[in-house]
Amino acid sequence: MFKCGIAYPRCRWILPLLLLLALIFDIIALGASSGWVDSKYHYASLWKQCRGRDPNWECTSLMDFGWAKATAALLIIGCILVAVCLLLSFLALCKRAVDFLRIIGFILLIAIIFQFIALIIFPVKFTETQIQDGDYEYSWSYGFGWGATILMMGCCLFFCCLPKYEDELYGDAKQTYIIG
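Residues numbered from 1 in each chain as written. Predicted model: local features only at pLDDT ≥ 70, side-chain atom pairs only at ≥ 80, totals over all residues. Heavy atoms only, no water.

(A) Focus on the pairing of strand S4 (residues 48-53). Looking at chain direction, strand S3 (residues 42-44) and S4 are connected through 3 bridges and run antiparallel. Pairing of Ala44 across the sheet is with Gln49, part of S4. Adjacent in sequence and paired antiparallel, S3 and S4 are bridged by 3 residues. In this structure, S4 lies alongside strand S5 (residues 56-61), joined through 6 bridges in antiparallel fashion. From the neighbouring strand, Gly52 faces S5, where its bridge partner is Trp57. Here S4 folds back onto S5 in antiparallel fashion, the turn holding 2 residues. (Pairing = 2+ DSSP bridges. Helix = DSSP H or I, 4+ residues; strand = E, 2+ residues; numbered from the N terminus.)

Rendered as structure tokens:
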């Protein structure tokens, strides 16, 4: 006999682990000193940009621009919301508080919207105001920001759907078998 379906009680800890990974990706994207934008004579992070050549780089802050402040604020708020969701997910899955799962999904949706807006604002405004000529690439830490957002989208979907499977999630459902 084979058990039909997923072993929910063992798999329920995957979502908090994915939220932890999204939080780590957000922290990497926020804290990277370079890597958001790269070119031959210009590189930038979320916080500053540097022009010149090796070893004579002239760095200036991007926080003088309103769009850069908005981008940083939205990403920080998104990161804080993911941390809150991570703590709530541990509480919800340890204490059998299924009511929290949809709340976590809603908070994640708000964080996704904030991060999505920030990750669109940055390249549009950076291209308009800072790029003078040459080829530019949006690089690894910008990619970590998108990676965190995509992980959060998947977690949001699952947190919204999990309350439908409460009995399976906590091992209270009757086992279904396929006789083959």
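From this point, things continue past the structure.
(B) Representation of the side chain of Ser89. Positionally, Ser89 belongs in helix H3 (residues 66-94). Since its relative accessible area comes to 0%, Ser89 is described here as buried. Aside from chain neighbours lying at most four places away, what touches Ser89 is Pro16, Leu19, Ile104 and Phe159. (Buried < 20%, exposed > 50% of the residue type's maximum accessible area, 1.4 Å probe, protein only. Contact = heavy atoms within 4.5 Å.)

(C) Broad picture of the UniProt feature "transmembrane region" (unreviewed entry) in the protein chain. UniProt annotation of "transmembrane region" (unreviewed entry) refers to residues 12-37, 72-93, 100-122 and 142-162 when read in the numbering used here. Across residues 72-93, helical content stands at 100% and strand content at 0%; the span's end C-alpha atoms are separated by 31 Å. End-to-end, the C-alpha atoms of residues 100-122 are 33 Å apart, and along that stretch the chain is 100% helix and 0% strand. (UniProt positions renumbered as here; feature names shortened; annotations may be inferred.)

(D) Examining the environment of Phe100 more closely. Along the chain, the position of Phe100 falls in helix H4 (residues 99-129). For the pair Phe100 and Cys85, spaced 15 residues apart in the sequence, the C-alpha separation amounts to 9.6 Å. Excluding residues that lie within four positions of it along the chain, Phe100 makes contacts with Leu91 and Ala92.

(E) Region of interest: the nonpolar core. Judged by nonpolar contacts, the single largest core of 44 residues is most densely connected at Trp36, Ile104, Leu108, Phe122 and Phe159. For this core, the elements supplying multiple residues, two or more each, are helix H2 (14-31), H3, H4 and helix H5 (140-161). Here this core gets 13 residues from one element, more than from any other, and that element is H3. Residues contacting Ile104, with those up to four places away along its chain left out, are Cys85, Leu88, Ser89, Ala92 and Phe159. (Core = buried A, V, L, I, M, F, W, Y, C linked by side-chain atoms within 4.5 Å.)

(F) Summary view of the sheet that holds S3. With antiparallel pairing, 5 strands are arranged side by side in an open sheet as S5-S4-S3-S2-S6. Two strands lie at the open edges of the sheet, namely S5 and strand S6 (137-138), each paired on one side alone.

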